[in-house]
Amino acid sequence: MAYAIEVADFSKYPVQARALVTKHVALLRQLPVVFAALLLSEIIGYDWRFPAEQADIDRQLHYLSSMDEPKLRTVMAGFAGLPLSDAMKAERWAVAPAESIEKLTAYLWTVHAMDRFREVAQTYQEAQTQAGPEPAPAIPRLCVVVIGKGAAPGTVKLFQKLQPHGTYFKQVNPAGGLQQLFTAIDSRVQVHPSLYGHWYVDGGSPYGVAALPEQLVTVSYAGLAPLRNALLQKVNTVRSSGEVVGPESLRTLLASLRPDQLGPTETSSDPILRHFELSLLTEGSGTQIFSTTFVQWAGRELLRRARPLTLVLRFAPRQMDRPMNELLLANAPAIQEDPMGSLVDGDMGAYYTWINLMRLSGAERSTFVVWFEDQQEALAVGPSMAKQASSASACDLTQILRWLA
């Protein structure tokens, strides 16, 4: 017998999520199991999501609720046609939708229906976006990426993938560069305050943390050391105890962790930020171990989820590669840093960050800067910057940021 969704299934959802699904339970009962499980997996974390994500969920529920029953069946036909085992139909998937989706994904791979699922999901996403597009940002987005701390200049040809899209500056005065950057960011934050709208991610210890504006949300690899160590200790404990077997079981365990389950870790008191910080370390591959991976993944997730007006990413030297068993130790011996390898990581990370920036609303007005820290090389992309251009004129970061405005 097929499972029928009940209000009692939401009893363990957080407060806001429970209220939202209870309000829309009649709609949820009309949706195909595959789609409803996907939607509930987003809604169940509603309390910990950024305003932009909550707005996405609200728009989607409004889009679905605005249809009459025949129209809804038409829109959902692709999802309704996906194969589903009898056991999965009978399972109480609304209680723990994320776990149900893992089973669903494995089943779709087994029956060779994953490509079909992707096509159906893409068609739906395009229709939903067209019906309710995300509003453009209040001001053009600004993303600044700082790379290469401690690396020697002249050994790597930088910004090759970005140069076709902007202007390369090779005579940047590096003196006081970080101070100039954060002075400009401070002015921007003060003039355009926005909850979770301005971010700074550092791969080491944050620069000038005492003087940073309050509304510039700051996350650093060094600041999350207690959380990283607690997480690595958890991984080692469950691996040695046999509690999990294989990478899939470990991923399921990590995805289900809550901040309070790792004990006091001296992170933010903001529950939304605490959940985000934990997700960076449980959902990203290598973010617990390599600072450059942490910064790149954090930038990707912030652009995808928070969609900030301002984003500063500062790459710091990561540790040298070592045997995996040693890397996974929470109390590993003192590390050796790899500035040159980190410069290469940062250069590629900057390019990926720009790609993700271009996927957001208002991309045509967005501005982007990447700077080799303490050196003379930078590149800027924006409506006011010539493409595939190079400048040998003396300048500094303050000037470059003004030219972009």
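Before going into details, it helps to say that this report is about the structure given with it. (Residues numbered from 1 in each chain as written. Predicted model: local features only at pLDDT ≥ 70, side-chain atom pairs only at ≥ 80, totals over all residues. Heavy atoms only, no water.)

## Thoughts on the overall build of the protein
Under the convention used in this document: Numbering of helices and strands starts at the N terminus; helices are DSSP runs of H or I of at least 4 residues and strands are runs of E of at least 2. For this analysis, residues touch if any pair of their heavy atoms sits within 4.5 Å. For the accessible areas, the method is Shrake-Rupley and the probe is 1.4 Å, while residue cover comes only from the protein chains on display. When charges are counted, neither His nor the chain ends are considered; positive counts come from Lys and Arg and negative counts from Asp and Glu. In plain terms, the charge of a residue is placed at NZ if it is Lys, CZ if Arg, CG if Asp and CD if Glu.
Broken down by element type, the protein carries 17 helices and 10 strands. For the protein, the spread of C-alpha atoms along the three principal axes comes to 75 × 50 × 40 Å. Across the protein, contacts joining residues at least 24 apart in sequence account for 70% of those joining residues at least 6 apart. Element-wise, carbon and sulfur atoms account for 54% of the exposed surface of the protein, whose accessible area totals about 19,500 Å². If the 36 positive side-chain charges of the protein are averaged to one point and the 39 negative ones to another, these points end up 3 Å apart.

## Details of the pairing of strand β1 (residues 142-147)
Threshold: Partly exposed residues are those whose accessible area sits between 20% and 50% of the maximum for their type, while under 20% is buried and over 50% is exposed, using a 1.4 Å probe and protein chains only. Pairing between two strands is assigned when DSSP locates at least 2 bridges connecting them.
With 6 of 6 residues buried, β1 lies mostly within the body of the structure. With 5 bridges connecting them, β1 and strand β5 (residues 310-314) associate as parallel partners. Opposite Cys143, over in β5, you have Leu311 as the bridge partner. The pairing of β1 with strand β8 (residues 367-372) spans 6 bridges and is classified as parallel. Counted as the bridge partner of Cys143 is Phe368 from β8.

## A closer look at the nonpolar core
Rule in force here: Throughout this description, the term nonpolar core refers to a set of buried Ala, Val, Leu, Ile, Met, Phe, Trp, Tyr and Cys residues connected via side-chain atoms within 4.5 Å.
In terms of nonpolar packing, the biggest core is built from 52 residues, with Val145, Ile147, Leu162, Trp199, Phe294, Phe368 and Val370 touching the most fellow members. In terms of nonpolar packing, the next biggest core, distinct from the first, is built from 40 residues, Phe35, Ala37, Leu61 and Met76 among them.

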